Amino acid sequence: MNWLDICEERSLPAFGGIAAWVEGKAVAIFNLGEQGIFAMDNIDPATGVSVLSRGLICDLQGDIFVASPLHKQHYSLTDGRCLEDESLSVNLYPIKCEQGKVLINSEIVGSK
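Keep in mind that what you see is a predicted model, and the values were worked out from it rather than measured.

## Structural notes on the side chain of Asn31
Then, number 1: Here Asn31 lies in strand β3 (residues 25-31).
Then, number 2: Looking at Asn31, the relative accessible area reads 15%, which means it is buried.
Then, number 3: When neighbours within four sequence positions are excluded, Asn31 is seen to be in contact with Leu12, Pro13, Ala14, Phe15, Gly16, Gly36 and Ile37.

So, in structure tokens, the structure goes:
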């Protein structure tokens, strides 16, 4: 796997998201403290707009979701599925923190 250095770990807002451009892809990165960090497409598949990094994080049905700020569809941070519409999903990407750096791989690990 080819890991790319995105930012310093301390740059990630606690319990929030940021957007990053990774090898030509708009990616949303979420820092959930002890639950870990997560990366998914930033493009909302319902609208085609790059906004998921601004979504609200919530726990529904025992899973962690991001609610799109536009139409409030919920996308799972663990498998990319949309709670409200089975035909919608987002890609997930491997992400980790090492030595204070946030590293991501543009290889898709889940969904679509």
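Having put the structure on the table, let's press on.
## Things to note about the pattern of salt bridges
Between side chains of opposite charge, pairing is possible as soon as their charged atoms come close.
Then, number 1: Taken as a whole, this structure holds six salt bridges when the rule is applied.
Then, number 2: Its salt-bridge partner being Arg81, residue Asp63 comes within 3.5 Å of it at the nearest N-O pair. Remark: Arg81 occurs in the loop between β9 (74-76) and β10 (95-98) and Asp63 occurs in strand β8 (residues 63-67); sequence separation between them is 18 residues.
Then, number 3: By relative accessible area, which is 32% here, Arg81 ends up partly exposed.
Then, number 4: Among the ionic contacts, a cluster of salt bridges with common partners joins Asp5, Glu8, Arg10 and Lys101.

## Regarding the nonpolar core
Then, number 1: Grouped together as the largest cluster of nonpolar side chains are 14 residues, with contacts concentrated most on Phe30, Met40, Tyr75 and Leu77.
Then, number 2: At the level of elements, β3, β4 (37-41) and β8 are the ones that each hand at least two residues to this core.
Then, number 3: Other than its neighbours up to four places away in sequence, Phe30 contacts Gly16, Gly17, Gly36, Ile37, Phe38, Met40, Leu52, Ser53, Ile57, Val66 and Leu77.
Then, number 4: Ranked by size, the runner-up nonpolar core spans 12 residues in total, among them Val22, Ile29, Ile37 and Ala39.

## Details of the sheet that holds β4
Then, number 1: A sheet is described by the order of its strands in space; here three strands give the open sequence β2-β3-β4, paired in antiparallel fashion. Two strands lie at the open edges of the sheet, namely β2 (16-22) and β4, each paired on one side alone. When strand polarity is set aside, the average angle formed by the axes of neighbouring strands in this sheet is 30°.
Then, number 2: Note: β2 against β3, seven bridges, orientation antiparallel. Bridge assignment links Trp21 to a residue of β3, and that residue is Ala26.

## Side note on the pairing of β4
Then, number 1: The element β4 is extensively covered by neighbouring structure, given that five of its five residues are classed as buried.
Then, number 2: The antiparallel hairpin formed by β3 and β4 contains five residues in its connecting segment, where Gly33 sits at a positive phi of about 60°.

Conventions used here
- Residues numbered from 1 in each chain as written.
- Predicted model: local features only at pLDDT ≥ 70, side-chain atom pairs only at ≥ 80, totals over all residues.
- Heavy atoms only, no water.
- Helix = DSSP H or I, 4+ residues; strand = E, 2+ residues; numbered from the N terminus.
- Buried < 20%, exposed > 50% of the residue type's maximum accessible area, 1.4 Å probe, protein only.
- Contact = heavy atoms within 4.5 Å.
- Salt bridge = Lys/Arg side-chain N within 4 Å of Asp/Glu carboxyl O.
- Core = buried A, V, L, I, M, F, W, Y, C linked by side-chain atoms within 4.5 Å.
- Pairing = 2+ DSSP bridges.
- Axes fitted to C-alpha atoms, helices over the stretch in contact; angles between N-to-C directions.

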